[in-house]
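Chain by chain, the residues run as shown.
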Amino acid sequence: MKLIEVTVRKFKNIIDSNNVKIEKDITCLIGKNESGKTSFLQALYQLNPVRTNTNFIVEDNYPAWLEKRDRMKGVELEKVRPITASFQLEDGDTKLIKETFGDILTDNIITLSKDYDNNLNYSIPTDEKKFIKELLKELSFSKEVRSELSKCETINCLKNIIEGYDERQTEEDVNEKEIESISLLKQRLDNTIGENESLEKSIFEILENHIPKFIYFDKYSGLPYSVKIQ
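Reading the values: rules and limits
Residues numbered from 1 in each chain as written. Predicted model: local features only at pLDDT ≥ 70, side-chain atom pairs only at ≥ 80, totals over all residues. Heavy atoms only, no water. Pairing = 2+ DSSP bridges. Helix = DSSP H or I, 4+ residues; strand = E, 2+ residues; numbered from the N terminus. Core = buried A, V, L, I, M, F, W, Y, C linked by side-chain atoms within 4.5 Å. Buried < 20%, exposed > 50% of the residue type's maximum accessible area, 1.4 Å probe, protein only. Contact = heavy atoms within 4.5 Å. Phe/Tyr/Trp six-rings, centres within 6.5 Å; stacked < 30°, edge-to-face > 60°. Axes fitted to C-alpha atoms, helices over the stretch in contact; angles between N-to-C directions. Parallel < 35°, antiparallel > 145°, perpendicular 65-115°, else oblique. Left-handed = near helix turned anticlockwise from the far one by under 90°. Nonpolar A, V, L, I, M, F, W, Y, C, P; charged D, E, K, R; others polar.

Draft legend 1. Spotlight on the pairing of strand β1 (residues 2-11). One ladder, built from 6 bridges, connects β1 with strand β4 (residues 83-88); its direction is antiparallel. Counterpart to Glu5 in the pairing with β4 is Ser86. Pairing between β1 and strand β3 (residues 20-21): 2 bridges, direction antiparallel. Paired with Glu5 across the strands is Lys21, a residue of β3. Two strands pair when backbone bridges link them, and β1 and strand β2 (residues 14-16) are joined in this way by 2 bridges, in the antiparallel orientation. Along β2, the bridge assignment pairs Arg9 with Asp16.

Draft legend 2. Local environment of the nonpolar core. If you look at the biggest cluster of nonpolar residues, it comprises 52 residues, and the most contacted ones within it are Phe87 and Leu185. Ranked by the residues each element gives to this core, the list is headed by helix α7 (residues 155-168), at 5 residues. If sequence neighbours within four positions are ignored, Phe87 has contacts with Met1, Lys2, Leu3, Ile4, Leu47, Asn108, Ile109, Ile110, Leu112, Pro212 and Phe214.

Draft legend 3. Geometry of the packing of aromatic side chains. This structure, assessed with the given rule, holds 6 aromatic pairs. Put simply, the rings of Phe11, Phe56, Tyr62 and Tyr116 pair up and form one aromatic cluster.

Draft legend 4. Structural context of the packing of helix α4 (residues 91-101) against helix α9 (residues 199-207). At a minimum axis distance of 10 Å, the contact between α4 and α9 shows a crossing angle of 130 degrees. Taken together, α4 and α9 sit at an angle that is classed as oblique. Note on packing geometry: the crossing formed by α4 with α9 is right-handed. Where α4 abuts α9, its residues Asp93, Leu96, Ile97, Thr100 and Phe101 lie against Leu199, Ser202, Ile203, Ile206 and Leu207. Of the residues assigned to the contact of α4 with α9, the class counts are 7 nonpolar, 2 polar and 1 charged.

Right, dumping it as structure tokens:
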């Protein structure tokens, strides 16, 4: 996946960088001293750093003149997200998702952000209802149960119906084909979602190792005279 857009908010001397587009080859930041170029790069670095010994810290990184004011307003500073970035999925990424979950992406742009608690948040555009429809394909249910399942728009809804089906089933009301279909549906869910409560989380677990790692350095004196960027 490729980085295509970055926004930095409430980090050091940056209140809001607005959306900064990233070029396909090289992006150059130009500005006066103390205008926020270094802060912008440091915030981006901490989204997914190569070295894991760096963290956002409210006391060190939150704009000092805003910290007290925002706390008095009731803002939970630890939940503020200083860095948000959009990534474009490449063919290999989308192929991996399609092989596991089907054609359920509604866009090939995902968004990652990190808060001052250092939690990595993600937003992946998916059609969960379409995924559920794929799971139900070629399975045999009674009209009542299929109608119930077809109304589901979330994984949790689907799981609740399956659990409810197990509880209300009686020996006098056994439908062998439907029981087999419920079993296959559970298996399909386990193979794709597992213990996760959402489709997004399951997709993220597959994509996590594909997220670019960021490197930051500022010791220019140690660099050679020329560097082959590629």
